[in-house]
Amino acid sequence: MADFDSVRETPNMAVWPVSCSLPTGITPGDWANSNFSSSCLLQTVSDLKSLKQVHAQILKSPDAQAQENESKLISLYSLFNQMDYAELCFERIRVKNCFSWNMMIRGFSTHGFHEKALEFYSDMLNSHTVPDRFTFPFVFKACSSVGAWHEAQEAHGRVIRTGLASDIYIATSLVDLYAKLGKVDQARRLFDGIPLKNVVTWNAMVAGYAFNELDYEAVKIFQQMVEFGPEPNSSTLVSILPAVARLGALAQGKFIHEWLVRRGIVLNVSVYNSLITMYGKCGELENARKLFEEMPDKSDVSWTAIISAYARNGIICEALKLFHEMQILGVKAATSTVASILPAFAGLVDLNQGMKIHGYSIRNGCASDLVVATALVDMYAKCGCLEEAKQVFEGMPERNVISYNAMITAYGLHGFGKKALELFLIMNELGIKPNGSTFVSVITACSHAGLVAEGLKCFKLMSQEFGIVPEIKHFACVVDMFGRAGHLEEAYQFIKQMPAEPDAVIWGALLAGCRIHNNTELGEKAAEQIFKLKPEEPGYYVLLANMYAARGRWDDEQKVREIMREKHLKKEAGCSWLEHDGTVHSFTAGDFRHPEWEAIYKKIEEIGSRLKEEGYVPNTNFVLHEIDGEMKTERLAMHSERIALAFGLVKAKEGVPIRITKNLRVCGDCHTVFKLVSRIYGRHILLRDSNRFHRFENGLCSCKDYW
């Protein structure tokens, strides 16, 4: 049989090779029988190959250009996502009616060619063909998919003028349209105005709230649906469960699951996946795993859901085990699987595993995928490998605002504020519009680099140039920036002039700045506000106590500690981690339980001797306890990062960077020691504390002593 693709090069489609074979099951006698029409022949089509065969025969028949045949051909080609052939058939119709236009609009819209669907809708209007109730739902779908607000308004107006607004099918499509365009209030007004709502209508409103992450509203309307509306179906559940997951509303999620069981509803794959994701995000791994194991058929999305659940909850070994099991079973990891597991390795201790996943993504051809590549940038940056993050970023075939945000954040984490600003400017020059997260990244980068004027300028650009309304997180970044730089009065005045009520995070940023620069008076004001808002948060009490201790106000320090004891609040213990030969070793201050403690302690003593030779004098101001000087020196030597450093010097081969992660801010004395050790031992040391990265080399730190 001749290749049907040649029809696209044939000006007259009726000219068709005589050698074309008949479809399977149709004999020449059937075709010769006048009673066996083209319409009957089209009913035999079961796949694209048989459709092409039938079409070839129809082109040789007397009724080759019958409108009925062309319409059926359009419908069938659309069914098989062959819209180029459908369009050729459409062009052959001499008199195009509403039905034929609708089939083309529906076909393009269904298969994701939304701009083409809107183009055909415009041509339909220009041909003076009046749209009907079957036209608009697919026009609305196309409008919502490409954000065509003007076209959506025009189509809605036409619906009203033609008296179709009360049609349930169209009204539901309008609810969905406005919700997906972010006009949720208008969607709700339309929803409330529909007198008889079916399950699809309710689903549109539930999905609309969930799509816009108005999760409380989504849960509320779902509850109303259960109480007053039709019984929810699988589409309802697939929409509501992500909202429940984002809220962390485990009780609500369990209620939905139990409701399904009571109703005896058989779960499809999508509902299973949504339940697994919900339980994973709520930390209920046992329920998530149970559902995963009982699934009769697992898709790649199912594997992604359970792997992400373990990775998100820090159970990396199980996440990796499942990832390998998936590969053994021959299930190819989707890009979403790779992207979801990479953040679990976004720390110094998990660099090797992250690199293995990168290798897997290269071998399976998904390393250049936008989502995976962005996750790789983030992973390498948070593992201290800024150059590798930059290489992945520069090698991306395309970039969006999220990938730019990841690289700007990377520069900020590593103290390269000016590079972060340069990339921000490049992003704007390329026409990539920043979002709220972009400004968090840029201002934070300025904060870590002491670029106060530049950070303040970026903050003002948000609303003045880009029309982005600052949120609490943006105000917190500015306060943090002022605080780190010692501009404490400016920070305080900035808080007082905020249009929104400052929360504990805002006051906490000011308190942290006061602790760094020993401004006790202003720190007390900040603490007073914090304890009204977050009276049970131990970290803020510790900051205040340490501020008193640094000023030698031991009675006040003890009062704060007493309040913590009364409230049963415990400070977070300092802890440092270091990976060696696939095992993560953790250390806490003064912890002697490590199996290789003797070698570690011997190295600590050696480091102390060599530091003395270099003229190092311990800065005991960083020991915030009322004890004698010698004991303070011993306390400093047993900080968790110093123990991890000693272990790294014992184990890490020459030329291999020593990578350490700490959960708290590194103290000034340890920072000095790390600089000296990097020069004395000729080692490259990376320390990631709670704020940022410190790269120690040749006696210097990348932070330039500003952190």
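Cut-offs applied
- The numbers attached to residues start from 1 for each chain and follow its sequence in the written order.
- For a predicted model such as this one, the threshold for reporting local features is a pLDDT of at least 70, and the threshold for listing and counting side-chain atom pairs is 80 or more; totals across whole chains, interfaces and linings nevertheless cover every residue.
- Side-chain metrics in this entry use all non-hydrogen atoms of the structure; hydrogen atoms and water are not considered.
- In plain terms, two cysteine sulfur atoms within 2.5 Å form what is called a disulfide here.
- The axes are straight lines fitted to the C-alpha atoms, using for helices just the contacting stretch, and the angles between their N-to-C directions are given from 0 to 180°.
- Put simply, DSSP marks the helices as runs of H or I at least four residues long and the strands as runs of E at least two long, and each gets a number from the N terminus on.
- Throughout this description, any angle smaller than 35 degrees is read as roughly parallel, any larger than 145 degrees as roughly antiparallel, any in the 65 to 115 degree range as roughly perpendicular, and the remainder as oblique.
- Definitions for this section: a left-handed crossing has its near helix turned counterclockwise from the far helix by less than a right angle. A right-handed crossing has that turn clockwise.
- Residue contacts follow a heavy-atom distance rule, with two residues in contact if any of their heavy atoms lie within 4.5 Å.
- For this classification, Asp, Glu, Lys and Arg are treated as charged, while Ala, Val, Leu, Ile, Met, Phe, Trp, Tyr, Cys and Pro are nonpolar and the rest, including Gly, are polar.
- Two strands are counted as paired when DSSP detects at least two bridges linking them.
- The aromatic pairing rule takes the rings of Phe, Tyr and Trp, using the six-membered ring of Trp, and pairs them if the centres are within 6.5 Å, calling planes under 30 degrees apart stacked, those over 60 edge-to-face and the rest tilted.
- Only lysine NZ and arginine CZ atoms are considered, and such an atom sits over a ring when it is within 6 Å of the ring centre and within 35 degrees of the ring normal.
- Residue count minus one, scaled by 1.5 Å, sets the expected span of a helix.
- Partly exposed residues are those whose accessible area sits between 20% and 50% of the maximum for their type, while under 20% is buried and over 50% is exposed, using a 1.4 Å probe and protein chains only.

Time to look at the state of the cysteines. For the structure shown, the criterion picks out zero disulfides. Between cysteine 458, a cysteine without a disulfide, and cysteine 446, which holds the nearest cysteine sulfur, the sulfur-to-sulfur distance is 5.0 Å.

A few words now on the packing of helix 36 (residues 640-651) against helix 37 (residues 668-680). Following both chains from N to C, one finds helix 36 and helix 37 inclined at 15°, their axes separated by 10 Å at the closest point. As judged from the angle between their axes, helix 36 and helix 37 are roughly parallel. By crossing handedness, the relation of helix 36 to helix 37 is classed as right-handed. Residues Glu641, Arg642, Leu645 and Leu649 of helix 36 touch helix 37, and the partners they reach there are Asp669, Cys670, Val673, Phe674 and Val677. Residue classes in the contact of helix 36 with helix 37 are distributed as six nonpolar, no polar and three charged.

In the sheet, strand 1 (residues 575-580) pairs with strand 2 (residues 583-588) via six bridges, with the strands oriented antiparallel. By the bridge assignment, serine 576 is partnered in strand 2 with phenylalanine 587. Linking two consecutive strands that pair antiparallel, namely strand 1 and strand 2, is a turn of two residues; a positive phi of about 50° is found at aspartate 581 within it.

This structure, assessed with the given rule, holds 25 aromatic pairs. Stacked on the ring of phenylalanine 292, the Lys or Arg lysine 298 has its end atom at 5.1 Å from the ring centre. Over the ring of tyrosine 681 we find arginine 610, and its NZ or CZ is 4.7 Å from the ring centre.

Residues spaced three or four apart along an α-helix point in a common direction, a consequence of the helix completing one turn every 3.6 residues. If you check helix 26 (residues 436-449), its first and last C-alpha atoms are 20 Å apart, about what 14 residues at 1.5 Å a residue would give, namely 20 Å. Within helix 26, ten of the 14 residues are buried, leaving the element largely enclosed by the surrounding structure. Those residues of helix 26 that sit buried are Gly436, Thr438, Phe439, Ser441, Val442, Ile443, Ala445, Cys446, Ser447 and His448. Those residues of helix 26 hidden inside the fold are in contact with helix 24 (401-413), helix 25 (417-429), helix 27 (452-464) and helix 28 (472-484).

Bear in mind that shape data such as this cannot, by itself, settle questions of function.
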